Amino acid sequence: MNEQHAAGKSQPVLQLHNATVYRSKQRILHQLSLQIDKGEHTAIVGPNGSGKSTLIKLLTYQLHPVTSEDGIPPIRVFGKNRWDVAELRRRVGIVSSDFQYYFLNNIKKGRITGVDVVVSGFFSSLQLFPHQKITGAMREQARATLERMDAAYLADTLFREMSAGEARRVLIARSLITSPEALVLDEPTTALDFVARHNCMELIRSLAQQGTTIILITHHIDEIIPEIERVILLKDGEAVYDGPKETTLTAENLSDTFGHPVGLHRHNGMYSVRLDGAQAD
Ligand code: ADP
Ligand code: MG
C-alpha cells in the first residue's frame, strides 16, 4: 500500500480484491488483488496466456469474478462495484485488437467509414445501428478526434481498406471520443510496423502527459514508455511482482515471469531485453 492509499487520498480507477476468474471451468485469474489509482500510469506485463486480456474483460464486465467469501466486492471501478456497462465504457476507453476483428467480421464486414467507427464509441457499440440517434455534433467531434490522431484523412475511408496502423489510430480515436478518464490498451501495437508502432507509442505518451490514466497491457518490454511508473508482472493468472517500475522491472523478475533467462537494458528511459540472459551493452 503506498502513502496515498494509506492516507485515503487516492482516487481508485480499478480495485481488485482476491479476484478469481474461471473460463470453461479453467481457473485463469487466481486471487488477484491490486489497486490502480487515477494518474498512476501502469503496465501489466506477462507472457501469452498469463491472463492479461481476461483482466481487461473483468474491467469491462464482459467476465465476472467468483463472489468473494469475505463480502468485499472482488472488483470495483471508480470505487463502485455495480455499473451500467454503457456508462462505464464511456469512462474507461478500451483499445484492443479484438475490436478490429469485430469491425472486420461483423455483418458489415468492415464497410464502415473511419468517422462512423469513431461515432460508435458514443454508444459503446461495435457498429452503428439504425435506431441510434447520431447528431451532426457527434460526427464533428469524431472528425476532430481523428484529427488529434493525425487521422483526419481516414474519416471517409472504409475501415476494411485501412492499413493495420491506420485502423489502430481510428480505434484509439474511438476510445477517446467520450473523453475517458482512463485508457486501457491491450497490446495496442500488435500488427503495426515499426514506424506505426513508434507513432502509436508517442501518442500514448502524449495522452499520459495530458492526464489520461494509462493502463498498458503488453508482452513487449520496449513499449514500457517513460511515463509508466508502475509495473505489474502477471504469470499464470497471478500478480507475481507489483511495484514501482525501477524495482519491479528487473532481469531477474522478467526471467522468472517469462520462464526464460533475459537480460535487461535501459536507455533514455526505455527498456529492451536480450534473450541470451546477458546484460546488453
Ligand atoms: P493473455 O491476454 O495474457 O495472452 P488471456 O487472458 O487471453 O491471456 O488468456 C488466459 C488463459 O485463458 C489462456 O490459457 C487461454 O487459453 C484461456 N482462455 C482465453 N479465452 C478463453 C475462453 N473464451 N474460454 C476458455 N479459456 C480461455
Ligand atoms: Mg491477450
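Residues numbered from 1 in each chain as written. Chains lettered and ligands numbered in written order. Predicted model: local features only at pLDDT ≥ 70, side-chain atom pairs only at ≥ 80, totals over all residues. Heavy atoms only, no water.

Trainee: Quick one: what's the story with the packing of aromatic side chains, residue by residue and with numbers?
Mentor: Going through the model one piece at a time under the given rule, you end up with three aromatic pairs. Ring centres of Phe 78 and Trp 83 lie 6.1 Å apart, and the angle between their planes is 70°; this geometry places the pair in the edge-to-face category. On the basis of relative accessibility, which here comes to 17%, the residue Phe 78 falls in the buried class. You can call Trp 83 buried: its relative accessible area is 12%. (Phe/Tyr/Trp six-rings, centres within 6.5 Å; stacked < 30°, edge-to-face > 60°. Buried < 20%, exposed > 50% of the residue type's maximum accessible area, 1.4 Å probe, protein only.)

Trainee: How would you sum up the site of ligand 1? Please name residues and give values.
Mentor: Around ligand 1, the surrounding shell consists of Arg 23, Ser 24, Ile 28, Pro 47, Asn 48, Gly 49, Ser 50, Gly 51, Lys 52, Ser 53 and Thr 54. Between a nitrogen atom of ligand 1 and a side-chain N or O atom of Ser 24, the distance comes to 3.3 Å. One nitrogen or oxygen atom from the main chain of Gly 49 is found 2.7 Å from an oxygen atom belonging to ligand 1. Here ligand 1, which alone exposes 570 Å², has 64% of that area covered by the protein. Top contributing element to the shell around ligand 1 by residue count: helix H2 (residues 52–59), with three residues. (Near = heavy atom within 4 Å. Polar contact = N/O pair within 3.5 Å; in protein donor to acceptor, adjacent residues only side chain to side chain. Areas by Shrake-Rupley, 256 points an atom, 1.4 Å probe, with all protein chains shown as cover. Helix = DSSP H or I, 4+ residues; strand = E, 2+ residues; numbered from the N terminus.)

Trainee: Which residues make up helix H4 (residues 97–105), and what values go with them?
Mentor: When H4 is considered as a whole, its buried residues turn out to be Phe 99, Gln 100 and Phe 103. Burial along H4 is one-sided: seen end-on, the buried residues are contained in an arc of 100°. Summarising the contacts, the buried residues of H4 are in contact with strand E5 (92–96), helix H5 (114–120) and helix H7 (164–176). The backbone nitrogen of Asp 98 has a side-chain oxygen 2.9 Å away, supplied by the residue at the start of H4, namely Ser 96. (Arc of directions from axis to C-beta. Contact = heavy atoms within 4.5 Å.)

Trainee: For the side chain of Thr 213, give the residues involved together with the corresponding values.
Mentor: Mapped onto the elements of the fold, Thr 213 is located in strand E7 (residues 213–218). Taking relative accessible area as the criterion, Thr 213 reaches 0% and is therefore assigned buried. The contact partners of Thr 213, leaving out residues within four places of it in the chain, are Val 13, Asp 37, Lys 38, Gly 39, Glu 40, His 41, Glu 181, Ala 182 and Leu 183.

Trainee: Summarise the pattern of salt bridges; cite the residues concerned and give the values.
Mentor: Per the stated rule, a full pass over the model turns up 13 salt bridges. In this structure, Glu 202 and Arg 205 form a salt bridge, with 4.0 Å as the shortest nitrogen-oxygen distance. Of the two residues, Glu 202 and Arg 205 are both situated in helix H8 (residues 194–209); the distance of three residues between them amounts to about one turn of the helix. Overall, the relative accessible area of 23% leaves Arg 205 in the partly exposed class. Where salt bridges share partners, they join Glu 40, Arg 230 and Asp 242 into one cluster. (Salt bridge = Lys/Arg side-chain N within 4 Å of Asp/Glu carboxyl O.)

Trainee: Talk me through H2; I want residue IDs and the actual numbers.
Mentor: Most of H2 sits inside the fold, with seven of its eight residues counted as buried. Immediately downstream of H2, the backbone of Tyr 61 shows phi near 60°, a positive value.

Trainee: Describe the environment of Lys 108, with residues and values.
Mentor: Secondary-structure assignment places Lys 108 in the loop between H4 and H5. The spatial distance from the C-alpha of Lys 108 to the C-alpha of Gln 127 is 8.3 Å, given a sequence separation of 19 residues. Filtering out sequence-adjacent residues up to four positions away, Lys 108 remains in contact with Gln 127 and Leu 128.

Trainee: Help me get a handle on the pairing of strand E10 (residues 263–267), residues and values and all.
Mentor: Both E10 and strand E11 (residues 270–274) contribute to a ladder of five bridges, which runs antiparallel. In the strand pairing of E11, Arg 266 is matched with Tyr 271. Hairpin geometry of E10 and E11 is characterised by an intervening segment of two residues between the two adjacent antiparallel strands and by a positive phi of about 50° at Asn 268. (Pairing = 2+ DSSP bridges.)

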